[in-house]
Amino acid sequence: MADTKPIYILNGPNLNRLGKREPEIYGTTTLVEIEGWCMEAASGHPIRFHQTNSEEKLIEWVHEAIDEGAGIIINPAAFTFTSIALLDALKMFKGPIIELHISNVHRREPIYHRSYVSMTATAVMAGFTAKGYPMAVRAIKDMISA
Ligand code: DHK
């Protein structure tokens, strides 16, 4: 029986500003448009798409995914590089985790080069632009059904 528990797509701080935020780095696609692309890519698999500027709220959604989710796609944004609390929460998740960054963080300032989340992510995607989100949805669907 295929796992029909939802795929959690979680977004961290400042991603609500996509479209206007440093378009030379993040492009002009809005988070609302990205959510639509994810729904399409999910092609019927349930998804839970969230964004927050609060570390606490992001961790609470990870806890919800621990209890109810099949997979996590997470763009932790700045919390990628600062939050051991988020890493500890993600370590509890038993399914696949894809860490996603719109930009190639390894080509940017050194502060963006060391990810705590990568210490527990199943896979890491960076630099595919906003188009990485539907790519990640298709990839995690394969991981879940494998
Ligand atoms: C988004 C952010 O907000 C930054 O803090 C990260 C990431 C990069 C992204 O490329 O999606 O460094």
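For clarity, every value in this text was computed on a predicted model and none was experimentally measured.

(A) Representation of the nonpolar core in the model. Counting 25 residues, the largest nonpolar core has Ile9, Ile34, Cys38, Ile73 and Tyr133 as its most contacted members. Of all the elements in the fold, those that place two or more residues in this core are strand E1 (7-11), helix H2 (31-42), strand E2 (47-51), strand E4 (97-101) and helix H5 (132-145). When residues no more than four places from it in sequence are discounted, the contact partners of Ile34 are Leu18, Thr29, Phe49, Ala130 and Tyr133. Ranked by size, the runner-up nonpolar core spans 17 residues in total, among them Tyr8, Phe79, Leu86 and Ala121.

(B) Representation of the packing of H2 against H5. At their nearest, the axes of H2 and H5 sit 8 Å apart, and the two run at 30° to each other. Between H2 and H5, the interaxial angle falls into the category roughly parallel. The way H2 lies across H5 gives a crossing that is right-handed. On H5, the residues touching Ile34, Trp37, Cys38, Ala41 and Ala42 of H2 are Tyr133, Pro134, Val137, Arg138 and Lys141. Within the contact of H2 with H5, the residues separate by chemical class into eight nonpolar, no polar and two charged.

(C) Quick look at the side chain of His45. On the secondary structure map, His45 appears in the loop between H2 and E2. You can call His45 buried: its relative accessible area is 14%. A polar contact of 2.8 Å, which involves the side chain of His45, links it to the backbone oxygen of Lys5.

(D) Here's a closer look at the pairing of strand E3 (residues 71-75). Summarising burial for E3: five of the five residues are buried, a large majority. Because side chains alternate across E3, one face comprises the buried residues Gly71, Ile73 and Asn75, and the other comprises Ile72 and Ile74, equally buried. Where E1 lies against E3, five bridges are found, and the strand directions are parallel. Paired with Asn11 across the bridge in E3 is Asn75. A crossover links E3 with its parallel partner E4, the connecting element being helix H4 (residues 84-91), and its sense is right-handed.

Definitions and limits used
Every chain is numbered on its own, with residues counted from 1 as its sequence reads. Thresholds applied to this predicted model are a pLDDT of at least 70 for local features of residues and 80 or more for the giving and counting of side-chain atom pairs; totals over whole chains, interfaces and linings are not thresholded and use all residues. Side-chain measures here rest on the full set of heavy atoms in the structure, leaving out hydrogens and waters. Only buried residues count toward a nonpolar core, which is a set of Ala, Val, Leu, Ile, Met, Phe, Trp, Tyr and Cys residues joined through side-chain atoms within 4.5 Å. Whether a residue is buried, partly exposed or exposed follows from its accessible area with a 1.4 Å probe, protein chains only, as a fraction of its type maximum: under 20%, in between, or over 50%, in that order. A run of H or I in DSSP counts as a helix once it spans at least four residues, and a run of E counts as a strand once it spans at least two, with each numbered from the N terminus. We call two residues in contact when some of their heavy atoms are within 4.5 Å. Axes here mean lines fitted to C-alpha atoms, for a helix over just the part in contact, with angles spanning 0 to 180 degrees between N-to-C directions. Each angle is binned into one of four classes, with values under 35 degrees roughly parallel, values over 145 roughly antiparallel, values of 65 to 115 roughly perpendicular, and all other values oblique. Throughout, a crossing is termed right-handed when the near helix is turned clockwise from the far one, and left-handed when it is turned anticlockwise from it by less than a right angle. Nonpolar residues are Ala, Val, Leu, Ile, Met, Phe, Trp, Tyr, Cys and Pro. Charged residues are Asp, Glu, Lys and Arg, and all others, Gly as well, are polar. We define a polar contact as two N or O atoms separated by no more than 3.5 Å, with the added condition that, inside protein, one atom must be a possible hydrogen donor and the other a possible acceptor, whereas residues neighbouring each other in sequence contribute only through side-chain atom pairs. Paired strands, in this sense, are two strands between which DSSP finds at least two bridges. Crossovers are described as right-handed under a simple rule: with the strands pointing away from the observer, the path leading from the first strand over the helix to the second runs clockwise.

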